[in-house]
Amino acid sequence: MGHRNLVILTGAGISAESGVPTFRADDGLWMGHRIADVATPEGFARDPARVQAFYNDRRRQLPTVHPNAAHQALADLAARWDGAILLVTQNVDDLHDRAHAAIPPRPGFGLIHMHGELLKAACTVTGRVCDWPGDLAADEPSPHHPQGRLRPHIVWFGEMPLQMDRIETALDRCDLFVSIGTSGAVFPAAGFVQLARQAGARTVELNLEPTQGARLFDEGHYGPATEVVPAFVQSLTR
């Protein structure tokens, strides 16, 4: 295949064709809500009932959406790749998880939800995370601390994305970096391509259209994720 250590970054564009709404911040709104109200710690402190209801709605949607050909292509790649793969997703849905459960990956595969997961909740006191497939009440008590309550396991604006040390270590070692369906406008994920370039990696952008940072990539392939991702995977595994 020519490469051994692969890091893949995915964003909202890979799940959009499954019916998962993309994040739209140009007008300051997300799904009809002000971002400050539903995607910040301050919003949760002001109105926990509103925030919990917002994510309850997102969580209830998950059974109605399914992995598409792009998710499946990456799962197939992980099952065949004779090397290390770290798949880092900005998405909080479980579509990657389901795709990889259907096609078990080889040893050396890792999956990081850097912005958290809808199907988990976190204790506001200890930070401990637990699986949580159902609704969260406004004052859902935490099983981890008597004074704690549960919040969505989501990285909000102003909070640090998860497992950044592990991600940066993988980028420093990778010889191929692929960015899929992400705008490349939000840091720290927007800086991953630069870290990969510094490591000497080949860098590839797969997106609906070129992003503002397209010039940072060695090559780009553009179109729907369900078309360009399977085609690129096929080119790697010939």
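The preceding data block contains the structure.
Residues numbered from 1 in each chain as written. Predicted model: local features only at pLDDT ≥ 70, side-chain atom pairs only at ≥ 80, totals over all residues. Heavy atoms only, no water.

Peer 1: Just to check I follow, could you spell out the sheet that holds strand β1 (residues 5–10) for this structure?
Peer 2: Hydrogen bonding along the main chain pairs the strands of a sheet, whether they run parallel or antiparallel. With parallel pairing, 6 strands are arranged side by side in an open sheet as β5-β4-β1-β9-β10-β11. The two strands at the open ends of the sheet, each matched to only one other strand, are β5 (109–113) and β11 (219–222). The mean angle between the axes of side-by-side strands here comes to 15°, regardless of whether they run parallel or antiparallel. In this sheet, β5 lies alongside strand β4 (residues 84–89) in parallel orientation, the contact comprising 5 bridges. The residue of β5 that forms the bridge with Val88 is Ile112. Where helix α6 (residues 95–102) meets the sheet, it contacts β1, β4 and β5, and its direction lies at approximately 160° from that of β5. (Pairing = 2+ DSSP bridges. Helix = DSSP H or I, 4+ residues; strand = E, 2+ residues; numbered from the N terminus. Axes fitted to C-alpha atoms, helices over the stretch in contact; angles between N-to-C directions. Contact = heavy atoms within 4.5 Å.)

Peer 1: Just to check I follow, could you spell out the environment of Leu86 for this structure?
Peer 2: With respect to the element layout, Leu86 can be found in strand β4. For the pair Leu86 and Ala170, spaced 84 residues apart in sequence, the C-alpha separation works out to 7.2 Å. The residues contacting Leu86, other than those within four sequence positions of it, are Leu6, Val7, Ile8, Gly110, Leu111, Ile112, Arg166, Ile167 and Ala170.

Peer 1: Where do I start with the sheet that holds strand β7 (residues 129–131) in this structure?
Peer 2: Taken in spatial order, the 3 strands of this open sheet run β7-β6-β8, and their pairing is antiparallel. The sheet terminates laterally at β7 and β8 (150–154), the two strands that pair on one side only. Averaged over all adjacent pairs, the angle separating strand axes in this sheet is 45°, with direction ignored. Note that strand β6 (residues 116–123) and β7 share 3 bridges and pair antiparallel. Note on β7: the bridge partner recorded for Lys120 is Asp131.

Peer 1: Can you help me understand the nonpolar core in this one?
Peer 2: Note that soluble globular proteins tend to have their nonpolar side chains buried in a common cluster. Among the nonpolar cores identified, the biggest contains 22 residues, and Ile8, Val178 and Val229 are the most heavily contacted of them. Tallying contributions element by element places helix α9 (residues 225–237) first for this core, with 6 residues. Apart from the residues within four sequence positions on either side, Val229 is in contact with Ala70, Ala73, Leu74, Ile180 and Leu206. Core analysis: the second largest hydrophobic core is formed by 19 residues, Leu9, Ala170, Ala189 and Leu216 among them. (Core = buried A, V, L, I, M, F, W, Y, C linked by side-chain atoms within 4.5 Å. Buried < 20%, exposed > 50% of the residue type's maximum accessible area, 1.4 Å probe, protein only.)

Geometric descriptors of this kind do not, in isolation, establish any biological role.
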